[in-house]
Amino acid sequence: MQTLSNPAKSGEVLNESGQHWTMSPPKSSVPARTNRRKTNDQSGSVRIIAGSWRGRRIQFPDTVQLRPTPDRVRETLFNWLGQRLDDLSCLDLYAGSGALGFEAASRGASAVTLVESNPLVVNTLRQTVDRLEARQVSVHRADAIEFLAQTDRRFDVVFIDPPYAEGPPIALMLDRK
């Protein structure tokens, strides 16, 4: 392809056979998420992909630190784990939106423990538990490392998606359990 030399037609190109093609203007490079906080009444949501709550939406507050696991990543993760988690006990450390934990509960997990330290996020998680009537889901307001140090419970599946700065100590805690 060669570009036309006429500046008035800078949005057009010629292909090898001399036909004119109009190019679209470049798309804006606006980031998908900014670091500005929105007011408290604004929130985001993710949908539950499969199971008994398939298609239901989980609300979460819009905070800078919260980055829910995208649908496609959750779908891949649960494909690896198997579509059903019947009778398994799951722990979702750094629960955030709760997407991983609620997805596990929707797919048959008998017990799901959500651990989150942000009080606003914990309140939203508890509202979601009530709205879904998710009796198998418990929400704990705690630091993830402290929770691991204090609990004697064993879990079949553990979801860990910490803030970037907090990853390595968790792996050390799990080795000790």
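In what follows, the structure referred to is the one given above.
Below is a summary of the structure that appears in this document.

Points about unusual backbone geometry
- Positive phi is not limited to glycine here, since Asp87 has a value of about 65°.
- Its identity is not glycine, yet Glu133 carries a phi of approximately 55°, on the positive side.

Some words on the side chain of Thr128
- For Thr128, the position within the fold is in helix α3 (residues 119–132).
- Leaving out residues up to four positions away in the same chain, Thr128 has contacts with Ile58, Gln59 and Phe102.

Remarks on the packing of aromatic side chains
- All chains considered together, the criterion is met by one aromatic pair.
- Ring plane angle 45° and centroid distance 5.8 Å describe the contact between Phe78 and Phe159, whose orientation is recorded as tilted. You can see Phe78 sitting in helix α1 (residues 71–81) and its partner Phe159 sitting in strand β9 (residues 157–160), a full 81 residues away along the chain.
- Residue Phe78 is classed as buried on the basis of its relative accessible area, which comes to 0%.
- Judged by its relative accessible area of 5%, Phe159 falls in the buried class.

What to know about the pattern of salt bridges
- Summed over the entire model, instances satisfying the criterion amount to five salt bridges.
- Across the pair Glu103 and Arg74 runs a salt bridge whose closest N-O atoms are separated by 3.2 Å. One end of the pair, Glu103, is in helix α2 (residues 99–106); the other, Arg74, is in helix α1, and 29 residues separate them in sequence. Residue Glu103 shares its accessibility class with Arg74, and that shared class is buried.
- Asp86 serves as the salt-bridge partner of Arg84, at 2.8 Å between the closest nitrogen and oxygen.
- Taking the relative accessible area as the measure of exposure, Arg84 reaches 46% and is therefore partly exposed.

Here is what the cut-offs are and how they apply
Residues numbered from 1 in each chain as written. Predicted model: local features only at pLDDT ≥ 70, side-chain atom pairs only at ≥ 80, totals over all residues. Heavy atoms only, no water. Helix = DSSP H or I, 4+ residues; strand = E, 2+ residues; numbered from the N terminus. Contact = heavy atoms within 4.5 Å. Phe/Tyr/Trp six-rings, centres within 6.5 Å; stacked < 30°, edge-to-face > 60°. Buried < 20%, exposed > 50% of the residue type's maximum accessible area, 1.4 Å probe, protein only. Salt bridge = Lys/Arg side-chain N within 4 Å of Asp/Glu carboxyl O.

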